[in-house]
Amino acid sequence: MRILLTGVAGFIGWKTAEFLLKDDYEVTGIDNINDYYDIRLKEYRLSKLKPFKNFRFIKGDIENHEFLKEVFEEAKPQVVINLAARAGVRASIENPHIYYTTNVMGNLNLLELSIKYNVEKFILASTSSLYAGQKMPFKEDLAVNTPISPYAASKKSAEVTSYTYYYLYGLNVIVLRFFTVYGPASRPDMAPLRFLKWMYDNKPVTIYGTGDQSRDFTYIDDIVRGIIMSIEKINGFEIINLGRGKKPVSIIELIHKYEALLGKKAHIVFKAPNKADMESTWADITKAKSLLGWEPEVYIDEGLKRTVEWYLKEGKDIGFEL
Ligand code: NAD
Ligand code: UGA
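Report follows, based on the coordinates. This is a predicted model, so every value here is computed, not measured.

**A short note on the site of ligand 2**
Thought 1: Looking at ligand 2, there are 25 residues lining it, with Ala87, Thr127, Tyr151, Arg215 and Asp277 nearest.
Thought 2: Side-chain polar atom of Tyr151 to an oxygen atom of ligand 2: 2.6 Å apart, as the coordinates give it.
Thought 3: The contact in question runs from an oxygen atom of ligand 2 to an N or O atom on the side chain of Arg215, over 2.6 Å.
Thought 4: Relative to its unbound accessible area of 700 Å², ligand 2 is 96% covered by the protein chains.

As structure tokens, this is what we get:
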């Protein structure tokens, strides 16, 4: 099966490509390699994909309709997985426009071309941050009309526009709402890799707020299995949570877990809370279990152990900055 995967040099895109390539899918990956965070991590991830014969990387921007048209014409994808995005919750306050041009207009370009080139299925990455203000654990049928960051608002727009393309043209659309994903070579703007690098380098760890805020941290391999199951198992229009689905772990607890794994104490500096931050996230994963047969397999302690092992073996030598 031919897949077009956007954001392939990103954290989730890279791992998704790796799993697909091992399963013999034909993957065309695109990414604009922007410098929102240190591109050495993106280059590292792409270097791991290069050896696969069934992989092709094309550098380009999903905001560029002409570029995308050529890619669709040549790659003839049966499935489009749109993981390319501006994804920083707090950073979206600083530069909201780019969040809309990429996450909304870029997604619209991909939807339009998916209709034009007879794509069978469209998968959109969405976010747990849409559930701000709702009762936990979060269920997919909650009304999510009060996003508290431009990032979350842009993903809501992408979700509803994707629905319109399902309604008008019968495009199969699966919206996957991921919950704070972590693991080897994750994003350096997010707490898990940031805290690990700071602690390894004996630098102060900055916490926004009290550190009591908590997340349903979800291990990357579990997320990727969920993405691949949704290619293989369902049609129509569905919104599905992919999260660990257990009592969330606080930011302070995350630091304590690293202290145990690294055998050192963190030096914590507390800063003002950020207004775009959610207090807690927790996925109800009943729907993923029943529709996909998906079940997360990696507990936080095991996931962090694998992350630290990767960092000590390879990650620290990539030379990326925060
Ligand atoms: P990431 O930033 O590591 O990956 C996104 C990739 O998209 C980057 O490599 C970037 O260069 C690329 N990109 C950005 N704008 C582009 C454009 N205009 N054209 C082409 N490429 C572009 O982020 P990630 O954590 O891998 O997230 C992947 C997707 O999952 C995003 O849609 C994000 O919103 C969503 N998501 C992530 C998480 C998480 O915890 N990591 C949780 C929920 C949802
Ligand atoms: C993450 C991703 O960044 C989003 O792309 C994704 O959509 C979202 O998860 C999701 O679950 O859908 P976020 O929860 O903000 O967003 O993840 P982190 O950046 O890891 O932050 C988690 C918490 O740690 C936040 O409260 C944040 O303020 C805090 N934090 C983060 C710090 O205290 N210090 C830091 O240096 C970084």
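Next comes the rest of the account.
**With respect to the pairing of strand S2 (residues 26-31)**
Thought 1: In terms of burial, S2 is a largely internal element, 5 of the 6 residues being buried.
Thought 2: Across 5 bridges, strand S1 (residues 2-6) lies against S2 in parallel orientation. Bridge pairing in S2 places Ile3 opposite Val27.
Thought 3: Regarding the hand of the β-α-β motif, the stretch spanning S1, helix H1 (residues 11-22) and S2 is right-handed.
Thought 4: By the bridge criterion, 5 bridges tie S2 to strand S3 (residues 55-59) in an arrangement that is parallel. Opposite Gly29, over in S3, you have Phe57 as the bridge partner.
Thought 5: What joins S2 to S3 is helix H2 (residues 39-49), and the crossover it makes is right-handed.

**Some details on the pattern of salt bridges**
Any two side chains of opposite charge can pair, on the condition that their charged atoms come close.
Thought 1: Under the counting rule described, the total for this entry stands at 19 salt bridges.
Thought 2: Between Arg225 and Glu297 there is a salt bridge, with the nearest N and O atoms lying 3.8 Å from each other. Placement of the pair is Arg225 in helix H8 (residues 220-233) and Glu297 in the loop between helix H10 (286-292) and helix H11 (300-313), with a sequence separation of 72 residues.
Thought 3: Here Glu297 falls in the exposed class, since its relative accessible area comes to 56%.
Thought 4: Note that Glu259 and Lys265 form a salt bridge whose closest N and O atoms lie 3.8 Å from each other.

**Quick look at the sheet that holds strand S11 (residues 237-242)**
Strand pairing in a sheet takes place through backbone hydrogen bonds and is either antiparallel or parallel in direction.
Thought 1: An order of S3-S2-S1-S4-S5-S6-S11 is seen for the 7 strands of this open sheet, with the pairing classed as parallel. Either end of the sheet is taken by a strand with one partner, and the two such strands are S3 and S11. In this sheet, adjacent strand axes meet at a mean angle of 20 degrees when their direction is disregarded.
Thought 2: The strands touched by helix H5 (residues 96-116) are S1, strand S4 (79-82) and strand S5 (121-127); relative to S5, the strand with the most contacts, the crossing angle is about 165 degrees.

**With respect to the site of ligand 1**
Thought 1: Within the structure, ligand 1 sits among 28 residues, and Asp31, Tyr37, Tyr151, Lys155 and Val181 are positioned closest to it.
Thought 2: Phe11 is positioned with one of its backbone polar atoms (N or O) 2.9 Å from an oxygen atom of ligand 1.
Thought 3: A distance of 2.7 Å is found between an oxygen atom of ligand 1 and a backbone nitrogen or oxygen belonging to Val181.
Thought 4: Protein chains shield 97% of the accessible area of ligand 1, which is 820 Å² for the free molecule.
Thought 5: For the shell around ligand 1, the per-class residue count stands at 15 nonpolar, 8 polar and 5 charged.

**What about the packing of H1 against H2?**
Thought 1: Across the interface, H1 lies against H2 with an axial gap of 10 Å and an inter-helix angle of 5 degrees. The angle between the axes of H1 and H2 places the two elements in the roughly parallel class. Counted together, Phe11, Trp14, Ala17, Glu18 and Leu21 of H1 and Arg45, Lys48 and Leu49 of H2 form the full contact between these two elements.
Thought 2: In terms of residue class, the contact of H1 with H2 is made up of 5 nonpolar, no polar and 3 charged.

**Let's talk about the packing of aromatic side chains**
Thought 1: A complete count under the given rule lists 17 aromatic pairs for this structure.
Thought 2: Consider the rings of Tyr163 and Tyr166, whose centres lie 5.7 Å apart with planes at 55 degrees: the pair is tilted. Here Tyr163 and its partner Tyr166 are both found in helix H6 (residues 150-169), 3 residues apart, which amounts to about one turn of the helix.
Thought 3: By relative accessible area, which is 38% here, Tyr163 ends up partly exposed.

**Topic: the nonpolar core**
Thought 1: Residues Ile12, Ile81, Phe178 and Phe195 are the most contacted members of the largest nonpolar core, which totals 79 residues.
Thought 2: Apart from the residues lying within four places of it in its own chain, the contact partners of Phe195 are Val205, Thr206, Ile251, Leu254, Ile255 and Tyr258.

**Structural notes on unusual backbone geometry**
Thought 1: Cis geometry is found at the peptide bond from Met136 to Pro137, where omega equals -10 degrees.
Thought 2: Looking at the element boundaries, Pro137 is found in the loop between S5 and H6.
Thought 3: Phi is positive for Lys76, close to 45 degrees, though the residue is something other than glycine.
Thought 4: One non-glycine residue, Ala185, lies in positive phi territory at about 55 degrees.
Thought 5: Position of Ala185 relative to the elements: it lies in the loop between strand S7 (181-182) and helix H7 (191-200).
Thought 6: On the basis of relative accessible area, Ala185 is assigned to the buried category, the value being 0%.

Here is what the cut-offs are and how they apply
Residues numbered from 1 in each chain as written. Chains lettered and ligands numbered in written order. Predicted model: local features only at pLDDT ≥ 70, side-chain atom pairs only at ≥ 80, totals over all residues. Heavy atoms only, no water. Near = heavy atom within 4 Å. Polar contact = N/O pair within 3.5 Å; in protein donor to acceptor, adjacent residues only side chain to side chain. Areas by Shrake-Rupley, 256 points an atom, 1.4 Å probe, with all protein chains shown as cover. Buried < 20%, exposed > 50% of the residue type's maximum accessible area, 1.4 Å probe, protein only. Helix = DSSP H or I, 4+ residues; strand = E, 2+ residues; numbered from the N terminus. Pairing = 2+ DSSP bridges. Right-handed = clockwise from strand over helix to strand, strands pointing away. Salt bridge = Lys/Arg side-chain N within 4 Å of Asp/Glu carboxyl O. Axes fitted to C-alpha atoms, helices over the stretch in contact; angles between N-to-C directions. Contact = heavy atoms within 4.5 Å. Nonpolar A, V, L, I, M, F, W, Y, C, P; charged D, E, K, R; others polar. Parallel < 35°, antiparallel > 145°, perpendicular 65-115°, else oblique. Phe/Tyr/Trp six-rings, centres within 6.5 Å; stacked < 30°, edge-to-face > 60°. Core = buried A, V, L, I, M, F, W, Y, C linked by side-chain atoms within 4.5 Å.

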